[in-house]
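Here is what each chain is made of, one letter per residue.
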Amino acid sequence: MTSNPPKTADELREAFLSYFEGHDHLRMPSASLIPAADPTLLLINSGMAQFKPYFSGEKEPPHPRVTTSQKCFRTTDIEEVGDDTHLTMFEMLGNFSFGNYFKKEACAWALDLLTNKFGLDPERLYYTVYTTDDEAENIWKELGIPADRIYRFGHEDNWWGPAGDEGVCGPSSEINYYRGSLDDVPAVDDPIRNGEWGPNYHDDFVELYNLVFTQFYRDLDGNDTVLPAKNIDTGMGFERMLAVLQGAPNVYETDAFRPIIAHVEQLSGKEWGQDTETDRAIRVVAEHSRSASFLIGDGVIPGNSGRGYVLRRLIRRGMLFGRELGVDTTMLSVVAKTVSDHMGHAYPELVGNYEFIKDVLEQEENSFSRTLEFGALVLAGMIHYRSENPDAAERIKDGKSLKTPAGDDGKSVGTRLAIAELERLVEAGNSDDIDEWRNIVSGTEAFVLYDTYGYPVEVTEEVAGEAELSVDRTGFEFAMETQRERGRAAGGFGGNADSTRVYEELGVEDTPFVGYETLVSETSIVAIVKDGQPVDSASEGDEVELILGETPFYAARGGQVGDTGSVVGEGVEISITDTLAPYGHVNVHYGTVTSGSLTKGAQVTATVDGDRRERIRRNHTATHLIHAALREIVGSHVRQAGSVVDPDRLRFDFTNMQALTRDQIKAVQDRVNEKIRLNRDVEVHWSTYGEAVEEGALAFFGDTYDNEVRTIKIDAPWSYELCGGTHMDHTGGIGTFVITSETGIGSGMRRLEAITGVASEEAIFERFGALDDIASKFRVPVSDASDRVDALANDLAQARKQVEQLEEQLLQASVGGGGANGSSNSFDIEVDGTSIHVEVSEVPASNVGALRKTGDHLKNQIGKGVVVLGSVIDGRPMVVVMATDDTVKAGVHSGNVARAIASRMGGGGGGSPAVAQAGGKNADQLQDALGATEEIIRESLNGGAGS
Ligand code: SER
């Protein structure tokens, strides 16, 4: 009988989980949104995702019945968020059976829970089953459900899975809730029930609870095979259920969202429930702040691909809707506090990582604000140029040049883009398009704004709309598509698949790896691949890929590079330069036959380069020490994001917002060296994935793990990781550990590089030597060397300044005032009755700056006229052309003059009417080019402005 139905979000979660605990289910925590061991899935999208290996039989579940409340993320719905039903992040309540109970129990408990525990009106519950699933239909009938409330649907609606590209799947039965008035329910025999009224047909129905009868495994090729055991996977949409229990019209008006909504209202000063558009914006900000917090809390960082891109889109979309609410500053990062306060008790990572979540959000919001600011300037440049230059098209047609600003500021960039667009249209010659230029921001422009300046096309539309311009959306989509195609053409997916296909086709078994215990193994050649084809033999000089019966060679994996060494048999030697596992666990040895010839099946001795392996081992164990030291010193939000472990150094990428301070770097280095001096045991254990992770072992997201996993413990729990790499037996052998650099590699991600053992010793010896060297050159102790270098640099800067000043004086003295220089020349040109004075000189300037300054000086000296100065700088001819205002008015265009001079020196040039510059290739041509100045200016005046 109905006993106190749950009222709040917390009560609902608890009621569900404890109901199934009461039926012998193990309550398990929500898995991270980042799939721990599933490369086919971007983000966890359902309760069952973390259990895929239990369903497929690959791993033993901790208990045959499990219940969870799982955070889920569905990326397909981002654009829908803001309506009544769609969420990106949501919670899913589920009960699961791994080869234990099946349909009968699942249906009976679902009905009992919904009606007796949650108090839902049985009259309002409607059921769907898969087209051919008589069994499920009969079970519902036996449970007392009238036939008219059971509907059948096909694959689209009543089949679930797989989550990701492969995995378990099966028919489902969904329980739907009817929210309409009971008076409106059509009669049982009303034909409207056939395709118009009912679950999946009508908006008054909400799907509450999905029971999946997981019976099949679908492989990557789409084939279904029957699973050894029948399973149950259920999912109840938590927020929807809550809305039904609370009689709320939508999820935002439940207590799952209310405090978050209230915070958005408070920050924006806008009130919920006034108008639809405002409500929508409030919902989007609240929802995206909530889901972004969850993503970051699980270690996702904004980026340009994969999960990082999903997060970036969320944050940006959230901000754009924030702007609609009139909030230009950071808002999502502020709302994150309420998310953490409100949901942290159920999802503690929101509290533990709160500072990190806030920082990541804030940084991304700030960077997007800057993006929007710059983009707005570029767009303003485009729009203003159009309104202020109505005659631009005519000028281009008349062959006149347009005034093109050169700056890097947004407005100049936008102006140039607008001019380029117009030039393109004039060239294409369609007069309608040219006329429309003034009123339309082109697809190309919108695309450049988006692609180069990160400015969303929706914002372009909005801003352009305010200035009464439209945006060519079709052209924009076309540009996007073209870009995507280019990306696809350049992407390396195909190549990779091709090179592994041969191993798939060879059908060889996984290679046993004996390299943890030994570096030498007596084994045999199982397969030889040459030029991508399997062959039976190979001879001296051939480049081959070998598969051995067993191997001591470690194949590159988990950041650790592959082993090198030799494979030697009777009369044959192969030098192995790399080992990889391109397909499954088949280890492939890449090398060259250095002598003799090789046949398939031959007995060989495989020997790993031991010295190199030793260096790799040191670096790998040191990587674990860094990871633990960082988490201890910088914070537990630090998560390994990637690593490279090779014989020469190690590289460790991790999530963290700020650069490490010098003190932090030192503290990490000290801590690692301390653990090395203590000579701790490096313990290796084998366990199951679930056990290890439960015990606190760190798994590296993005890697795949087998059922049995290898764990490495150093002073556990201080350092405890899942890892298949080769390690030292004791930390002492690592030797001295030195951090060589700490850099940023994109937002929220840092990179440490370090060296150990012999490499450290060598580096230290070299650094000492270099410092001693510097100090002895200054004849001071090492401790004073740095000050002396500063002093020297100061002196040098001053001396340079003096040289510059002297050069200027010298150059200025050499020009003008009738300067008696052999290569000076001055003359007057008559145009329409006015006379233009021209000074031409060759001077010995050492750089363009000096040449320009000399030009300025001469121009000031002559007051009116044109100055043309040339010089050979670094072996190349350079010329500056400057015209005073009145000569520009008279028609002189320095840019055109410079261009003509440049063409005589085999180079390029240009600039504004007042100042321009030309450069050439051949120093010998400078004098001739300068000599032609008079002719060039005359020609340009005749052909040009034509006053
Ligand atoms: N996996 C199913 C779903 O996501 C049931 O949990 O709906």
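Model, not experiment: these values are computed from the prediction. (Residues numbered from 1 in each chain as written. Predicted model: local features only at pLDDT ≥ 70, side-chain atom pairs only at ≥ 80, totals over all residues. Heavy atoms only, no water.)

### Overview of the overall build of the chain
Quick reminder of the rule: Only runs of H or I of at least four residues qualify as helices and only runs of E of at least two qualify as strands under DSSP, and these elements are numbered from the N terminus. The cut-offs for exposure are 20% and 50% of the maximum accessible area for each residue type, with area from a 1.4 Å probe on protein chains only; residues under the lower value are buried, those over the upper are exposed, and the others partly exposed. Values of accessible area rely on a 1.4 Å probe in the Shrake-Rupley scheme; residue burial ignores everything except the protein chains shown.
Regarding its fold elements, the chain presents 29 helices and 32 strands. Its C-alpha atoms put the chain at 115 × 85 × 60 Å along the principal axes. Every one of the 947 residues in the chain was classed for burial, and the buried ones make up 48%. Accessible surface, the chain: about 43300 Å² in total, of which carbon and sulfur atoms supply 47%.

### Quick notes on the site of the ligand
Which entries qualify depends on this criterion: Near is defined per residue: the residue qualifies when any heavy atom it owns lies within 4 Å of the molecule or strand. For the purposes of these results, a polar contact is taken to be a pair of N or O atoms within 3.5 Å, where, inside protein, one atom must be able to donate a hydrogen and its partner to accept one; residues adjacent in sequence count only when each atom of the pair is a side-chain atom. Residues are grouped as follows: nonpolar covers Ala, Val, Leu, Ile, Met, Phe, Trp, Tyr, Cys and Pro; charged covers Asp, Glu, Lys and Arg; every other residue, Gly included, is treated as polar.
Around the ligand lies a shell formed by Ser46, Met48, Arg74, Met92, Trp160, Asn210, Val212, Asp233, Thr234 and Gly235. The contact in question runs from a nitrogen atom of the ligand to an N or O atom on the side chain of aspartate 233, over 2.7 Å. Contact with the protein chains hides 95% of the accessible area of the ligand, taken as 230 Å² for the molecule alone. In terms of residues, the shell around the ligand owes the most to one element, strand β9 (residues 224–237), which gives three residues. Residues that form the shell around the ligand fall into these classes: four nonpolar, four polar and two charged.

### Concerning the sheet that holds strand β26 (residues 749–755)
Note the following rule: In this description, strands pair whenever DSSP reports at least two bridges between them. To obtain each axis, a line is fitted to C-alpha atoms, and for helices this fit is confined to the stretch in contact; angles are then taken between N-to-C directions over 0 to 180 degrees.
Ordered by their spatial adjacency, four strands build an open sheet running β20-β21-β26-β25, and the pairing between neighbours is antiparallel. Of all the strands in the sheet, just β20 (640–645) and β25 (738–744) have a single pairing partner and so form its edges. Within this sheet the neighbouring strands show an average axis-to-axis angle of 15 degrees, counted without direction. As judged from the six bridges shared by β25 and β26, these two strands associate in the antiparallel manner. The residue of β26 that forms the bridge with valine 738 is isoleucine 755.

### Brief notes about the state of the cysteines
Linking two cysteines covalently through their sulfur atoms gives a disulfide. Stated precisely, the cut-off is as follows: When two cysteine sulfur atoms lie within 2.5 Å, the pair is treated as a disulfide.
Tallied over the full model, the rule gives zero disulfides. Unpaired in terms of disulfides, cysteine 107 finds its nearest cysteine sulfur in cysteine 169, a separation of 18 Å. Residue classification places cysteine 107 among the buried positions, given a relative accessible area of 0%.

### Section: the pairing of strand β32 (residues 915–919)
Note: strand β30 (residues 876–883) against β32, five bridges, orientation antiparallel. Note that in β32 the partner of valine 881 across the bridge is alanine 916. The pairing of strand β31 (residues 908–911) with β32 spans four bridges and is classified as antiparallel. In the strand pairing of β32, glycine 911 is matched with alanine 916.

### Focus: the nonpolar core
Heads up, the condition is: Throughout this description, the term nonpolar core refers to a set of buried Ala, Val, Leu, Ile, Met, Phe, Trp, Tyr and Cys residues connected via side-chain atoms within 4.5 Å. Contacts are assigned to residue pairs with any non-hydrogen atoms lying within 4.5 Å of each other.
Residues Leu114, Leu120, Trp140, Tyr209 and Met236 are the most contacted members of the largest nonpolar core, which totals 123 residues. Here the element with the most residues in this core is helix α12 (residues 354–388); it accounts for 11 residues. If we skip the residues at most four places from it in the chain, leucine 120 touches Leu114, Thr115, Leu125, Tyr177, Leu208, Met241, Val244 and Leu245. Listed in part, the 27 residues of the second largest apolar core include Ala622, Leu650, Met728 and Phe737.

### Quick look at a nonpolar patch on the surface
Test applied: Residues form patches when they are more than 30% accessible in relative terms and have no salt bridge. Like charges link within 9 Å. Nonpolar side chains (Val, Leu, Ile, Met, Phe, Trp, Tyr) link within 5 Å. Any carboxyl oxygen of Asp or Glu within 4 Å of a side-chain nitrogen of Lys or Arg constitutes a salt bridge here.
Taken together, Leu771, Ile774, Val782 and Val789 make up a surface patch of nonpolar side chains, about 280 Å² in accessible area. Examined against the element boundaries, isoleucine 774 turns out to sit in helix α23 (residues 757–778).

### Focus on the pattern of salt bridges
Scanning the model with the defined rule gives 45 salt bridges in all. Aspartate 148 is the partner of arginine 193 in a salt bridge, and the nearest nitrogen-oxygen pair spans 3.6 Å. Taken together, the residues arginine 193 in the loop between β7 (167–178) and β8 (205–218) and aspartate 148 in the loop between α4 (134–142) and β5 (150–153) connect sequence positions 45 residues apart. Where aspartate 715 meets lysine 675, a salt bridge forms, and the shortest distance between an N and an O atom there is 2.6 Å. With a gap of 40 residues between them, aspartate 715 in the loop between β23 (708–714) and β24 (719–722) and lysine 675 in helix α21 (residues 662–677) connect regions that are remote in the sequence.

### Topic: a negative patch on the surface
Selection rule: Charged residues are defined narrowly, with Lys and Arg counted positive, Asp and Glu counted negative, and His plus the chain ends left uncounted. We put the charge of a Lys on NZ, of an Arg on CZ, of an Asp on CG and of a Glu on CD.
Together, Asp432, Asp433, Asp435 and Glu436 make up a region of like negative charge exposed at the surface. In this structure glutamate 436 comes out as partly exposed when scored by relative accessible area, which is 37%.

### So, the packing of helix α1 (residues 9–21) against helix α6 (residues 238–245)
So the rule is basically this: An angle below 35 degrees is treated as roughly parallel, one above 145 as roughly antiparallel, one from 65 to 115 as roughly perpendicular, and anything else as oblique. Each crossing gets its handedness from the near helix: less than a right angle anticlockwise from the far helix is left-handed, clockwise is right-handed.
Running from amino to carboxyl end, α1 crosses α6 at an angle of 115 degrees, the nearest separation of the two axes being 10 Å. As judged from the angle between their axes, α1 and α6 are roughly perpendicular. Of the two possible hands of crossing, α1 and α6 adopt the one that is right-handed. Where α1 abuts α6, its residues Ala9, Leu12 and Arg13 lie against Phe238, Met241, Leu242 and Leu245.

### Considerations on the UniProt feature "binding site: Zn(2+)" (unreviewed entry) in the chain
Which entries qualify depends on this criterion: UniProt positions are given in the numbering used here, feature names are shortened, and annotations may be inferred rather than shown by experiment.
What UniProt calls "binding site: Zn(2+)" (unreviewed entry) maps, in this numbering, to His620, His624, Cys723 and His727. These annotated residues cover 108 residues of sequence, and their C-alpha atoms all fall within 10.0 Å of one another, placing them together at a single site. Of note, histidine 624 is situated in helix α20 (residues 610–633). By relative accessible area, which is 2% here, histidine 624 ends up buried.

### What about helix α9 (residues 306–324)?
Cut-off, in case you're wondering: Expected span, for any helix, means 1.5 Å times one less than how many residues it has.
Given a rise of 1.5 Å per residue, 19 residues ought to cover 27 Å, and the 28 Å separating the end C-alpha atoms of α9 matches this to within 8%. Within α9 the residues assigned to the buried category are Gly308, Val310, Leu311, Arg312, Leu314, Ile315, Arg317, Gly318, Met319, Leu320, Phe321 and Gly322. Looking at the buried residues of α9, the elements they touch are β2 (65–73), α8 (276–297), α10 (332–343), α12 and α17 (457–466). At the exit of α9 stands glycine 326, carrying a positive phi of roughly 85 degrees.

### Considering the sheet that holds β23
Reading across the sheet, the three strands line up as β22-β23-β24 and stay open at both edges, with antiparallel pairing between neighbours. The two strands at the open ends of the sheet, each matched to only one other strand, are β22 (683–688) and β24. Adjacent strand axes in the sheet meet at a mean angle of 25 degrees when their direction is disregarded. One ladder, built from six bridges, connects β22 with β23; its direction is antiparallel. Counted as the bridge partner of valine 684 is isoleucine 712 from β23.

### Describing the packing of helix α7 (residues 258–268) against α8
Look at α7 against α8: their axes get within 9 Å of each other, and the N-to-C directions meet at 120 degrees. Put simply, α7 runs oblique to α8. Along this stretch, α7 crosses α8, giving a crossing that reads as right-handed. From α7, Ile260, Ile261, Val264 and Glu265 reach across to α8, where they touch Ile282, Arg283, Val285, Ala286 and Arg290. A per-class count over the contact of α7 with α8 returns six nonpolar, no polar and three charged.

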